[in-house]
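Read off the chains here:
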2 protein chains.
Amino acid sequence: MNEISPITEAELSGSLDVTKPEALIAHLAKAGRAAQSVLAQMPSDARAQALRCAARKMREEAGAILAANANDVEAALANGLSKAMVDRLTLDGARLEGVAAAVEAVADLPDPVGVIIDKSERPNGLKLSRVRVPIGTIGIIYESRPNVTADAAALCVRAGNAAILRGGSEAAGSNRAILSAFTAGLAEGGVPKAAVQLVPTQDRAAVGAMLTASGLIDMIVPRGGKSLVARVQADARVPVLAHLDGVNHTYVHSQADPAMARAIAINAKMRRTGICGAMETLLIDVQFGDAAGLVSSLIEAGVEVRGDARALALGPQVKPATSEDWGTEYLDAILSVAMVDGLDDALAHIAEHSSAHTDAIITDDEAAAEAFLSQVDSAIVMHNASSQFADGGEFGLGAEIGIATGRLHARGPVALEGLTTYKWIVRGSGQARP
Amino acid sequence: MNEISPITEAELSGSLDVTKPEALIAHLAKAGRAAQSVLAQMPSDARAQALRCAARKMREEAGAILAANANDVEAALANGLSKAMVDRLTLDGARLEGVAAAVEAVADLPDPVGVIIDKSERPNGLKLSRVRVPIGTIGIIYESRPNVTADAAALCVRAGNAAILRGGSEAAGSNRAILSAFTAGLAEGGVPKAAVQLVPTQDRAAVGAMLTASGLIDMIVPRGGKSLVARVQADARVPVLAHLDGVNHTYVHSQADPAMARAIAINAKMRRTGICGAMETLLIDVQFGDAAGLVSSLIEAGVEVRGDARALALGPQVKPATSEDWGTEYLDAILSVAMVDGLDDALAHIAEHSSAHTDAIITDDEAAAEAFLSQVDSAIVMHNASSQFADGGEFGLGAEIGIATGRLHARGPVALEGLTTYKWIVRGSGQARP
């Protein structure tokens, strides 16, 4: 969720104070709201079936989708887009099949809508229950990744929400082709096409209109680079479900098993260096017996290690860390390493530098582990596991709309439940309040 | 929660772009965060006991508190404050005892912190659980009601949060005296005094600094009139738990019991006309047999009835409603009445005009009731009950921090659970992600 995407940031860099786009977004939102009220009343199976129709339609329309994508890619190459951007933009038969299969997987997820959170009966006989309902209309702002068009739409529809999608301009043709097939499938399944809409302009002001559409759009989910997310958060009047930094720590406690510490540290840093769950700082207890071995195994694995004064003593290849390193999300094969004097020192370092995404302890000491899990105030805290497990799929949530680094509404991996709210249902027999 | 409070609005009407206040708020937030990290690690009983100490201290300091309040009231009278404002500002022995008892009641509420929301075990052996934790630091912005100082502080502390309070200037002396006793009691109970702080200036810019203190204050709860709340929502960069309109409908279905309809309608409108749960619009089904009797009983109860064309025929005392009436929260003994052609017509009227706070149906037809409860998208939907039950206490939540009219994080009456978030705890045995 955390790739740097300069293009999308550039799209957001224009004036956000225009009136026409507001009329456009209001129009989309009104159509979406009408479709959502139909969607919200459909049985869960019908919503799931409509998503399966959408997946089938995308397969049937593969030719048109891939042709549109080829045009987008051609233009992107002509415009000198980066290799990484072009790769994220590019679809082929296998990738498109993956997108369709992902939509089917979302259809198979348990439906959060209608779930009774709790119920009670009051002394006066009133029967109360809190029941999950869709949030309403979700705005998704994302970069030039055509797969997000189907992924995000499927999650919103599964939870009974309308979606208003605003993708990166380089993928505009691909997105239109995917949405055309997707909504045709939804319609076959009885879901109004307006349940999922694409903002039909690349005018940056349309993004601003989405961000300020209070009462029209109920939640905005930005999916892209940090600057995009920060910009969305700064300008939004609508609640934002956002993901920012993943400055994740792994603390190797004095009682850590040396082999486990090596295996987890190498995995947490190197399995995939570019994901938000990657470890960025390793804290080694001065009482841990294998500090030098741990660091050299990381260096052998290809990690550039930047250490504090005491970590420099662990090996000649350790480079000195600067104060910036402790707050840096490298998203690369680079690791900052600090030696700490016990649990409290580790907790203090994490409290000062963590982005509260995912922090882990490696130890065989259960008491130390529980103290860490209790006292580290992060969205995800782990004991004897790799921080790279910080993922909705790994948590058993199915597809995720994102990982939230905020504290309200939803925290950590967010899937279908995070796309719902609740209402209070009160059943009486004529009660008047004394 | 919904009194008009011109004074507090005036306080917010200044420039919110100053730098000194930002340093002040940052200072308070840093102190609050440190205190909160202690508070969050205290056993639940210790937090509850500290609140009981705070209540006792307020009783012990009653003389000083009432003296400070008398000065505030004297100044308010000299400044020609409205009778209602002065009444809200005024404390006496009985009211102060009520405030102390309310703090003890909060201490007795079940603690949401540490509650396990759900747990699972993954095929790879990872054990996951979601556990409730405090949100962190809560900013409360309220009018000149000294009781809110203790109420809000108690709720925040019970759920392990730090509170930064900014009360109305007319109550500044009372608030200082209450907080001095309250925090002295907390300290006796082992809670750092900085867990609850008052903004020590009435400079309006301090409010602006609170609203933009992202990363320092985790949530803002405005408690006061609509204009205050709207202004807070417009300027806030920090998530806001807000209450706006309560344009509440009661739909009397064709199968409603006439006696029940009269009793509930009169209670919903007249028990207390100034609260957000009061009925503002009555929808009468044209098939309901006692429409004229229902309306005349409301008029006899002292209600000014403003009707649509068909409702005018129900009696000579019915005045014609204008289009504004359907969206108006009167908070007074005034009621708009529309005749509707069955359930769908009622649902359409509610969808167009409701503020999604509390809407009710009166009927003996269970199918109609369930259709209404399912299709009305409001925070609270009721069957055969008075909308005046829309209250945290009546819902069994104990004291409430407010009633939320937004859709995210918490909806409807919000008590302790709404002052918490959760974290994911992952317990492993050395798992690395493949």
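All values reported here derive from a predicted model rather than from experimental measurement.

Scoring rules and cut-offs
Residues numbered from 1 in each chain as written. Chains lettered and ligands numbered in written order. Predicted model: local features only at pLDDT ≥ 70, side-chain atom pairs only at ≥ 80, totals over all residues. Heavy atoms only, no water. Helix = DSSP H or I, 4+ residues; strand = E, 2+ residues; numbered from the N terminus. Salt bridge = Lys/Arg side-chain N within 4 Å of Asp/Glu carboxyl O. Buried < 20%, exposed > 50% of the residue type's maximum accessible area, 1.4 Å probe, protein only. Domains from an automatic or database assignment. Contact = heavy atoms within 4.5 Å. Least-squares fit on C-alpha atoms with pLDDT ≥ 70 in both. Pairing = 2+ DSSP bridges. Axes fitted to C-alpha atoms, helices over the stretch in contact; angles between N-to-C directions. Left-handed = near helix turned anticlockwise from the far one by under 90°. Nonpolar A, V, L, I, M, F, W, Y, C, P; charged D, E, K, R; others polar. Buried area = accessible area lost by both parts, 1.4 Å probe. Polar contact = N/O pair within 3.5 Å; in protein donor to acceptor, adjacent residues only side chain to side chain.

**Q** Quick rundown of unusual backbone geometry? Include the residues and the values.
**A** Its identity is not glycine, yet A:L331 carries a phi of approximately 50 degrees, on the positive side. Among the structural elements, A:L331 can be located in the loop between strand 10 (319-320) and strand 11 (334-340). One non-glycine residue, B:H409, lies in the positive phi region at around 70 degrees. Residue position: B:H409 is located in the loop between strand 14 (402-404) and strand 15 (412-414).

**Q** So, the pattern of salt bridges: which residues are in play, and what are the values?
**A** All names here are of chain B. The full count for this structure, using the stated rule, is 58 salt bridges over all chains. The closest approach of N and O atoms between R47 and D111, which form a salt bridge, is 3.1 Å. Taken together, the residues span a long stretch of sequence, with R47 in helix 3 (residues 44-60) and D111 in the loop between helix 6 (93-107) and strand 1 (116-121) at a distance of 64 residues. The class of R47 is buried, set by a relative accessible area of 2%. For the salt bridge of E143 with R145, the shortest nitrogen-to-oxygen distance reads 3.6 Å.

**Q** Kindly report on the domain arrangement of chain A, identifying the contributing residues and their values.
**A** Residue and element names in this part refer to chain A. Looking at chain A, the domain boundaries give domain 1 (9-241 + 408-425) and domain 2 (248-389). Using only C-alpha atoms to locate each centre, domain 1 and domain 2 end up separated by 36 Å. The partner domain 2 presents five residues to the four residues of domain 1 that form the contact. Remark: the boundary between domain 1 and domain 2 carries two salt bridges.

**Q** A description of the relation of the copies chain B and chain A should follow, citing residues and the corresponding values.
**A** The two chain copies are related to each other by a rotation about an axis together with a translation along it. Rotating chain B by 180 degrees and moving it 0.0 Å along the rotation axis overlays it on chain A with an RMSD of 0.0 Å. The transformation relating the two chain copies, once decomposed into turn and shift, fits a two-fold axis. Rotation axis and chain B: the residue whose C-alpha lies nearest the axis is B:H409, separated from it by 1.8 Å. Of the interface residues in chain B, 100% have counterparts in chain A that sit at the interface too, so the contact is made through matching surfaces.

**Q** Explain the sheet that holds strand 2 (residues 127-134) of chain B to me, and be specific about the residues and the numbers.
**A** With mixed pairing, ten strands are arranged side by side in an open sheet as 10(A)-9(A)-11(A)-8(A)-7(A)-12(A)-13(A)-16(B)-2(B)-1(B). The sheet is open, and its two borders are formed by strand 10 of chain A together with strand 1 of chain B, each paired with just one other strand.

**Q** Can you explain the pairing of strand 12 (residues 358-362) of chain A? Please cite residues and give values.
**A** Residue and element names in this part refer to chain A. In terms of burial, strand 12 is a largely internal element, five of the five residues being buried. Side chains T358, A360 and I362 of strand 12 all project onto a buried face; the interleaved residues D359 and I361 project onto the opposite face, where all are buried too. Here strand 12 pairs with strand 13 (residues 380-385) via four bridges, running parallel. From the neighbouring strand, D359 faces strand 13, where its bridge partner is V381.

**Q** Just give me the short version of the sheet that holds strand 11 (residues 334-340) of chain B, but keep the residues and values in it.
**A** Pairing in this open sheet of ten strands is mixed, and the strands run 1(A)-2(A)-16(A)-13(B)-12(B)-7(B)-8(B)-11(B)-9(B)-10(B) from one edge to the other. The open sheet has two edge strands with one neighbour each: strand 1 (116-121) of chain A together with strand 10 (319-320) of chain B. Where strand 8 (residues 279-285) of chain B and strand 11 of chain B come together, five bridges link them in parallel fashion. Each residue of the ladder has a partner; that of B:L282, found in strand 11 of chain B, is B:V337.

**Q** Run through the packing of helix 11 (residues 258-270) of chain A against helix 12 (residues 291-300) of chain A, naming residues and quoting values.
**A** All names here are of chain A. In the contact formed by helix 11 and helix 12, the axes pass within 10 Å of each other and the chain directions differ by 35 degrees. In this structure, the crossing between helix 11 and helix 12 has a hand that is right-handed. Of helix 12, the residues touching helix 11 (which contributes A261, R262, A265 and I266) are G293, L294, S297 and L298. In terms of residue class, the contact of helix 11 with helix 12 is built from five nonpolar, two polar and one charged.

**Q** Report on the interface of chain B and chain A, specifying residues and quantitative values.
**A** Taken residue by residue, the interface counts 66 residues in chain B and 66 residues in chain A. Where chain B abuts chain A, roughly 5,500 Å² becomes buried across the two surfaces, and 48% of that area is made up of carbon and sulfur atoms. Looking only at chain B, the three residues that lose the most surface to chain A are B:L408, B:W424 and B:R433, adding up to 16% of its buried area. Between chain B and chain A we count six salt bridges in total. Measuring nitrogen to oxygen at the nearest pair gives 3.4 Å for the salt bridge that ties A:R433 to B:E394. Counting across the chain B and chain A interface gives 53 residue pairs in polar contact (both at pLDDT 80 or more). The element best represented in the side of chain B that touches chain A is strand 16 (residues 420-431) of chain B, accounting for eleven residues. Here the side of chain B that touches chain A is composed, by residue class, of 32 nonpolar, 20 polar and 14 charged. Relative to strand 13 (residues 380-385) of chain B, strand 16 (residues 420-431) of chain A is paired through five bridges, and the arrangement is parallel. Opposite A:R427, over in strand 13 of chain B, you have B:H383 as the bridge partner.

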